[in-house]
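Here is what each chain is made of, one letter per residue.
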Amino acid sequence: MNAERLLALYEQVAEAPDAVPRLRRFVLDLAVRGKLVPQDAGDEPASELLKRIAAEKARLVKAGEIRKPKTVDPVAEDESAFPPPHGWTWTRLADIAVCLDYMREPINGTERDKRIEGKPEDELFPYYGATQQQGWIDDYIFNEELVLLGEDGVPFFDPYRSKAYIISGKTWVNNHAHVFKGILISHSFLTQYLNVFDYTGRVVGATRSKLNQARAVDIPVPLPPLAEQRRIVAKVEELMALLDRLEAARTA
């Protein structure tokens, strides 16, 4: 997929009111299935990457930097949404990322207002929830790049809206978002995948859908070689920037 091909597709659906969201979803679907950039036989295969990830997780546990993660079952054949491309492998979210939910802490709006009252902006830190920043607070829990995946109040079944996003720096997260620290993987690729994953049968609740931690860490993930993850992310960013310009032109 390149810019010229994407523009040609846009011309075919330009009259549709949701043309740009549909194309954004199309790009992500191609990306996480290994159809956006070519595979390179010279890349370290994902099976070897998984070994390095396991070793790094063991090191972090031994150093006391993370809790020992729970063991999850391998991905069964009937859970694989598609055959893995060359060099890819199916794994689970718990195998490639550490869940840091035990560190998050909810603080209600009234209490946050009291804590930040009269304090300068440079002493405040973003406070995040299910899908976005919810405000500010005078302290932080995390100080690194992380992936947040909504736990509840998330549009799990809207194909065009985000369920996961990346935060970085000094931040605070409440209990409406699961917190994941990827190990030797691209957070951007993981976020792209979590935003197109089919959550059918994985979330519960009639009026307010909820994805509990046990079902979140168990999510099957198609893992590309790390070098290919980076190529995919670069191509997605290029094509999304083009779609942003097309959307701006439509609005104008």
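That block above? That's the structure.
Some words on helix H3 (residues 46-62)
No. 1: Taking 1.5 Å of rise per residue, 17 residues should cover 24 Å, and H3 covers 24 Å from first to last C-alpha, within 8% of that figure.
No. 2: Lining the buried residues of H3 we find strand E1 (89-92), helix H4 (93-96), strand E2 (97-99), strand E9 (177-182), strand E10 (220-223) and helix H8 (226-251).
No. 3: Of the residues flanking the end of H3, it is Gly-64, one or two places downstream, whose phi is positive at about 75°.

Notes on the layout of surface pockets
No. 1: Considering only enclosed or pocket space, the largest pocket measures out at about 390 Å³ in volume.
No. 2: Lining the largest pocket are 18 residues, with Arg-24, Leu-28, Ser-162, Asn-195 and Met-240 sitting closest to its centre.
No. 3: Listing elements by their share of the lining of the largest pocket, those giving two or more residues are helix H2 (19-32), helix H6 (187-194) and H8.
No. 4: For the lining of the largest pocket, the element with the most residues is H8, which contributes five residues.
No. 5: Looking at the lining of the largest pocket residue by residue, the class counts come to eight nonpolar, five polar and five charged.
No. 6: The space that makes up the second largest pocket amounts to roughly 310 Å³.
No. 7: Lining the second largest pocket are 17 residues; nearest its centre among them are Pro-69, Lys-70, Cys-99, Gln-213 and Val-217.
No. 8: Looking at the lining of the second largest pocket, the elements that each hand over two or more residues are E2 and helix H7 (213-217).
No. 9: Split by residue class, the lining of the second largest pocket holds ten nonpolar, two polar and five charged.

Structural notes on the pairing of strand E6 (residues 146-150)
No. 1: By the criterion of burial, E6 is predominantly enclosed, with five of the five residues buried.
No. 2: Two elements, E6 and strand E7 (residues 164-167), share four bridges in a ladder whose sense is antiparallel. Residue pairing for E7: Leu-148 is matched across the bridge by Tyr-165.
No. 3: Of the pairings in the sheet, the one linking E6 to E9 comprises four bridges and is antiparallel in character.

What to know about H8
No. 1: Here H8 spans 37 Å end to end across 26 residues, near enough to the 38 Å set by a 1.5 Å rise per residue.
No. 2: Buried within H8 we find Leu-226, Glu-228, Gln-229, Ile-232, Val-233, Lys-235, Val-236, Leu-239, Met-240, Leu-242, Leu-243 and Leu-246.
No. 3: Close packing links the buried residues of H8 with helix H1 (3-13), H2, H3, H6 and E10.

Re the environment of Leu-146
No. 1: Mapped onto the elements, Leu-146 comes out in strand E6.
No. 2: Considered as a pair, Leu-146 and Glu-4 are 142 residues apart in the sequence and their alpha carbons are 33 Å apart.

What to know about the sheet that holds strand E4 (residues 133-137)
No. 1: Judged by pairing direction, the sheet is mixed, and its four strands sit side by side in the order E4-E3-E8-E5 without closing on themselves. Whereas interior strands pair on both sides, the edge strands pair on one side only; in this sheet they are E4 and strand E5 (142-143).
No. 2: Relative to strand E8 (residues 170-173), strand E3 (residues 125-128) runs parallel, the two sharing two bridges. Across the sheet, Tyr-127 pairs through a bridge with Trp-172, a residue of E8.
No. 3: Packed onto the sheet, helix H5 (residues 109-116) meets E3, E4 and E8 and runs at close to 40° relative to E4.

A few points about the packing of H2 against H8
No. 1: Two elements in contact, H2 and H8, have axes whose closest approach is 10 Å; the angle formed by their N-to-C orientations is 175°. Between H2 and H8, the interaxial angle falls into the category roughly antiparallel. Of H8, the residues touching H2 (which contributes Ala-19, Val-20, Leu-23, Arg-24, Val-27, Leu-28 and Ala-31) are Ile-232, Val-236, Leu-239, Met-240, Leu-243, Asp-244, Glu-247 and Arg-250.
No. 2: Considered class by class, the residues forming the contact of H2 with H8 number eleven nonpolar, no polar and four charged.

Conventions and cut-offs
Residues numbered from 1 in each chain as written. Predicted model: local features only at pLDDT ≥ 70, side-chain atom pairs only at ≥ 80, totals over all residues. Heavy atoms only, no water. Helix = DSSP H or I, 4+ residues; strand = E, 2+ residues; numbered from the N terminus. Expected span 1.5 Å × (residues − 1). Contact = heavy atoms within 4.5 Å. 1 Å grid on protein atoms, 1.4 Å probe; cavity = no way out; pocket = protein on both sides within 12 Å on 5 of 7 lines; lining within 4 Å. Points joined across faces, edges and corners; volume = space filled by probe spheres on them. Nonpolar A, V, L, I, M, F, W, Y, C, P; charged D, E, K, R; others polar. Buried < 20%, exposed > 50% of the residue type's maximum accessible area, 1.4 Å probe, protein only. Pairing = 2+ DSSP bridges. Axes fitted to C-alpha atoms, helices over the stretch in contact; angles between N-to-C directions. Parallel < 35°, antiparallel > 145°, perpendicular 65-115°, else oblique.

As far as function goes, none of this settles anything; it's purely spatial.
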